[in-house]
Amino acid sequence: MLISFEGLDFSGKTTQIKLLVDRLKSAGHDTVLVREPGGTPISEKIRNILLDNKNKEMTQIAELFLFSAARNQLVNQVILPSMKDGKIVICDRFYDSTTAYQGYGRGINIEAITKINEIATMRTKPDLTFFIDIPINEITKRRLSANTSIIDRMESSGEKFYEKVRNGYLEIAKNEPERFFVINGLQDVNTIHDTIWKIISKNL
Ligand code: TYD
């Protein structure tokens, strides 16, 4: 089983992933957690290039191919072998991030993105995807109260970009309602976890 999580900055995605992995493990499921971009030595190197603030001149197409390259490496080295071993794989982001950020966010043709995603993942699809959704003004609020001064290259793209990315995710949800669940990220942590757990339990 393959489950992916999606969400904008400060959506609480990482907290939810931790809760889920702990719960799956204590229920006796062999669980593997991976993050994108990253998760293999090569993919982690690509991650550094992608997030490095010095790389301001990176073209949108270079960005698209780097995310995709990191993903193909992860699919082949970790995701597919783990699934073959019968493990549950949890992905902190998967190809929907490319559709939302590079497609809807940057404006690269969605059909082209879909093709590249298929090549990068070798048509590996998540069984379930959870998009933890929060409005953009909530991100700004949470960023201020977190008091973080470090902003990576992707995070410096601005509010308009985030709005497009969010709308992109909501579009994916419309197109694939059986797989892609929108979870209201303004609810409290345990309510969100219970909602996610109910959906997963049905599918386990
Ligand atoms: P990361 O620090 O992992 O952020 P988060 O905790 O939000 O997952 O950084 C990943 C960044 O890369 C994030 O801003 C989303 C972006 N991204 C894309 O633009 N396209 C992609 O295909 C992926 C996987 C991530």
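Let me sum up the structure you'll find in this document. (Residues numbered from 1 in each chain as written. Predicted model: local features only at pLDDT ≥ 70, side-chain atom pairs only at ≥ 80, totals over all residues. Heavy atoms only, no water.)

### What about the pattern of salt bridges?
If the charged atoms of two oppositely charged side chains come close together, the side chains can form a pair. All told, the structure shown has 18 salt bridges when counted by the stated rule. Taking the shortest distance from any N to any O, the salt bridge between arginine 153 and glutamate 63 comes out at 3.0 Å. Remark: glutamate 63 occurs in helix H3 (residues 60-84) and arginine 153 occurs in the loop between helix H6 (136-146) and helix H7 (159-175); sequence separation between them is 90 residues. For lysine 115, the salt bridge goes to glutamate 118, with nearest N and O atoms at 3.6 Å. Note that lysine 115 and glutamate 118 are positioned in helix H5 (residues 110-121) at a spacing of three residues, about one turn of the helix. Judged by its relative accessible area of 25%, glutamate 118 is partly exposed. Several salt bridges share partner residues, and in doing so they unite Asp96, Lys125, Glu176 and Arg179 into one network. (Salt bridge = Lys/Arg side-chain N within 4 Å of Asp/Glu carboxyl O. Helix = DSSP H or I, 4+ residues; strand = E, 2+ residues; numbered from the N terminus. Buried < 20%, exposed > 50% of the residue type's maximum accessible area, 1.4 Å probe, protein only.)

### Quick notes on the side chain of arginine 71
Its place among the elements puts arginine 71 in helix H3. On the basis of relative accessible area, arginine 71 is assigned to the buried category, the value being 1%. Of note is the side chain of arginine 71, whose polar atom sits 2.9 Å from the side chain of glutamate 36. Aside from chain neighbours lying at most four places away, what touches arginine 71 is Glu36, Phe94, Tyr95, Thr98, Asn117, Ala120 and Thr121. (Polar contact = N/O pair within 3.5 Å; in protein donor to acceptor, adjacent residues only side chain to side chain. Contact = heavy atoms within 4.5 Å.)

### Description of the pairing of strand S3 (residues 88-92)
S3 sits mainly inside the fold: five of its five residues count as buried. Along S3, one buried face is formed by Ile88, Ile90 and Asp92 and the opposite face, lined by Val89 and Cys91, is buried too. Note that strand S1 (residues 2-7) and S3 share four bridges and pair parallel. Looking at the pairing, leucine 2 lines up with valine 89 of S3. (Pairing = 2+ DSSP bridges.)

### With respect to the sheet that holds S3
Consider a sheet: its strands pair through backbone hydrogen bonds, and that pairing is either parallel or antiparallel. Taken in spatial order, the five strands of this open sheet run S2-S3-S1-S4-S5, and their pairing is parallel. Two strands bound the open sheet, and with one partner strand each, they are strand S2 (31-35) and strand S5 (180-184). Each strand axis lies, on average, 20° off the axis of its neighbour in the sheet, ignoring direction. Here five bridges tie S2 to S3, and the two strands are oriented parallel to one another. What sits directly across from valine 32, in S3, is valine 89. (Axes fitted to C-alpha atoms, helices over the stretch in contact; angles between N-to-C directions.)

### What to know about the packing of H3 against helix H4 (residues 95-105)
One can describe the packing of H3 onto H4 by two numbers: an axis separation of 11 Å at closest approach and a directional angle of 175°. Considering the angle they form, H3 stands roughly antiparallel to H4. In this structure, H3 uses Glu63, Leu64, Phe67 and Arg71 to contact H4, whose residues at the interface are Tyr95, Thr98 and Gln102. Classifying every residue of the contact of H3 with H4 gives three nonpolar, two polar and two charged. (Parallel < 35°, antiparallel > 145°, perpendicular 65-115°, else oblique. Nonpolar A, V, L, I, M, F, W, Y, C, P; charged D, E, K, R; others polar.)

### Quick word on the layout of surface pockets
In this structure, the largest pocket occupies an estimated 620 Å³ of space. Around the largest pocket sit 29 residues that line it, and Asp9, Lys13, Glu36, Arg47 and Arg93 are the ones nearest its centre. For the lining of the largest pocket, a count of residues per class yields 11 nonpolar, seven polar and 11 charged. By volume, the second largest pocket amounts to about 290 Å³. Tyr95, Thr99, Thr114, Asn117 and Glu176 are, among the 15 residues lining the second largest pocket, the residues nearest its centre. (1 Å grid on protein atoms, 1.4 Å probe; cavity = no way out; pocket = protein on both sides within 12 Å on 5 of 7 lines; lining within 4 Å. Points joined across faces, edges and corners; volume = space filled by probe spheres on them.)

### Here we look at helix H1 (residues 13-26)
The end-to-end C-alpha distance of H1 is 20 Å, a good match for the 20 Å that 14 residues give at a rise of 1.5 Å each. Turning to H1, the residues buried within the fold contact S1, S2, S3, strand S4 (128-133) and helix H8 (189-203). (Expected span 1.5 Å × (residues − 1).)

### Observations concerning the site of the ligand
Inspection of the region around the ligand gives 14 residues, with Lys13, Arg71, Arg93, Thr98 and Gln102 positioned closest. In the model, an oxygen atom of the ligand is placed 2.6 Å from a nitrogen or oxygen of the arginine 93 side chain. At a separation of 2.8 Å, a nitrogen atom of the ligand approaches a polar side-chain atom of glutamine 102. Cavity membership is defined here by more than half of the atoms lying within 2 Å of grid points; on that basis the ligand lies in the largest pocket. Every element with two or more residues in the shell around the ligand is listed here: helix H2 (41-51), H3 and H4. Among the elements that make up the shell around the ligand, the one with the highest residue count is H4 (four residues). Here the shell around the ligand is built from residues that sort into five nonpolar, three polar and six charged. (Near = heavy atom within 4 Å. Sits in = over half its atoms within 2 Å of the grid points.)

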